[in-house]
Amino acid sequence: MTGEFTGMAVVVTGGGSGIGLVTARLLAARGAAVACLDLDPSGVAAPLLGVRCDVTDAASVTEAVTDAASRLGGLDVLVNNAGIGARGTVEANPDDQWHRVFDVNVVGIVRVTRAALPHLRRSAHAAIVNIGSIAASTGLPDRALYGATKGAVQALTLAMAADHVGEGIRVNCVNPGTVDTPWVRRLIDAAADPAAELAALRARQPTGRLVAADEVAAAVAYLAGPSAGATTGTVLAVDGGMHSLRLRAAAAT
Ligand code: NAI
């Protein structure tokens, strides 16, 4: 797979950290020219291109996508990864927070995709990969707002796949479980008992460990690459079996 992306140009939103940055590095290692669009691109090093972008601001998005496409020589792959979290039941989060998290996690995808489509239409291998979450497919406590945004990402993926299949643009989604990224480390560190929080998150996944960002990146790379040319409108879980397996308790026979 080393050179699968040779000659291809990729934009990764939220590419300044975590899953986005690891994905950008993997695609670059496989031959792509990659731009990381982020509120804070300071952690993005060559050969990756860091471009400042706020996915909630249409003007910022248009400018960043146009800049990236012109510096990369076009655009073949868009990874819509930028996202923020929210904790709480439906009673916990005020309306402005609901609007804010939807604006980043859902409308952000809409804005970036809208700006990218004219470029993607000129590609022979156009693909979009959206980053959803286990929270789209499984009810998690205290994740009403976050889960609602990720359910929307999954539904949006399928609608976009239907709309653009006729023009050769594939659209798929990756739903990660709990991934060991700076975001999750911040949540663990903020817990009353960080060691117990980490143990609980590990135990929630049948594999007994957190997902590695590399494992999410590998799934994104598969869906984004020409070898997945017949795959569109799919949701690929990378969650240690969390949404689909129900194990027996160890003591049960
Ligand atoms: P992270 O916090 O390490 O990285 C997210 C990046 O998005 C940051 O660099 C941040 O600056 C950027 N960003 C945030 N708001 C932005 C905006 N308005 N415009 C542009 N960039 C913005 O987080 P992580 O863990 O890498 O998450 C990436 C994606 O994966 C998110 O969509 C998240 O919902 C999803 N995800 C993460 C999981 C996890 O366990 N870490 C599990 C399931 C899904």
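Calculation rules
- Residues numbered from 1 in each chain as written.
- Predicted model: local features only at pLDDT ≥ 70, side-chain atom pairs only at ≥ 80, totals over all residues.
- Heavy atoms only, no water.
- Helix = DSSP H or I, 4+ residues; strand = E, 2+ residues; numbered from the N terminus.
- Buried < 20%, exposed > 50% of the residue type's maximum accessible area, 1.4 Å probe, protein only.
- Contact = heavy atoms within 4.5 Å.
- Pairing = 2+ DSSP bridges.
- Right-handed = clockwise from strand over helix to strand, strands pointing away.
- Axes fitted to C-alpha atoms, helices over the stretch in contact; angles between N-to-C directions.
- Phe/Tyr/Trp six-rings, centres within 6.5 Å; stacked < 30°, edge-to-face > 60°.

Q: Break down the side chain of Thr231 for me, citing the residues and quoting the values.
A: In this fold, Thr231 is placed in the loop between α7 (213-224) and β7 (235-238). Look at Thr231 and you get buried, because its relative accessible area is 17%. When neighbours within four sequence positions are excluded, Thr231 is seen to be in contact with Arg170, Asn172, Tyr222 and Leu223.

Q: Quick rundown of the pairing of strand β4 (residues 77-80)? Include the residues and the values.
A: Here β4 shows a buried face lined by Val77 and Val79 and a second buried face lined by Leu78 and Asn80. The sheet contact formed by β4 and strand β5 (residues 127-131) spans 4 bridges and is parallel. Bridge pairing in β5 links Asn80 to Asn130. Read as a crossover between parallel neighbours, the route from β4 over helix α3 (residues 95-120) to β5 is right-handed.

Q: Summarise the sheet that holds β4; cite the residues concerned and give the values.
A: Spatial strand order, β3-β2-β1-β4-β5-β6-β7: 7 strands in an open sheet with parallel pairing. Two strands in the sheet have a free side with no partner beyond their single neighbour: β3 (49-52) and β7. Put simply, the sheet's adjacent strands are angled 20 degrees from each other on average, direction ignored. Packing of helix α2 (residues 58-72) onto the sheet brings it into contact with β1 (9-13), β2 (33-38) and β3, and relative to β2 it is tilted by some 165 degrees.

Q: Requested: an account of the packing of aromatic side chains, with residues and values cited.
A: Applying the stated criterion to the full structure yields 2 aromatic pairs. An angle of 15 degrees between the planes, with centres 6.2 Å apart, marks the rings of Trp98 and Phe102 as stacked. A residue pair is termed a helical-turn pair when its members lie 3 or 4 positions apart in one helix, as Trp98 and Phe102 do in helix α3 at 4 residues. Residue Trp98 is classed as partly exposed on the basis of its relative accessible area, which comes to 23%. By relative accessible area, Phe102 is classed as partly exposed at 27%. Residues Tyr146 and Trp183 carry aromatic rings whose centres are separated by 5.9 Å and whose planes lie at 75 degrees to one another, so their mutual orientation is edge-to-face. Residue Tyr146 is found in helix α4 (residues 144-164), and its partner Trp183 is found in helix α5 (residues 182-190); the two are separated by 37 residues along the sequence.

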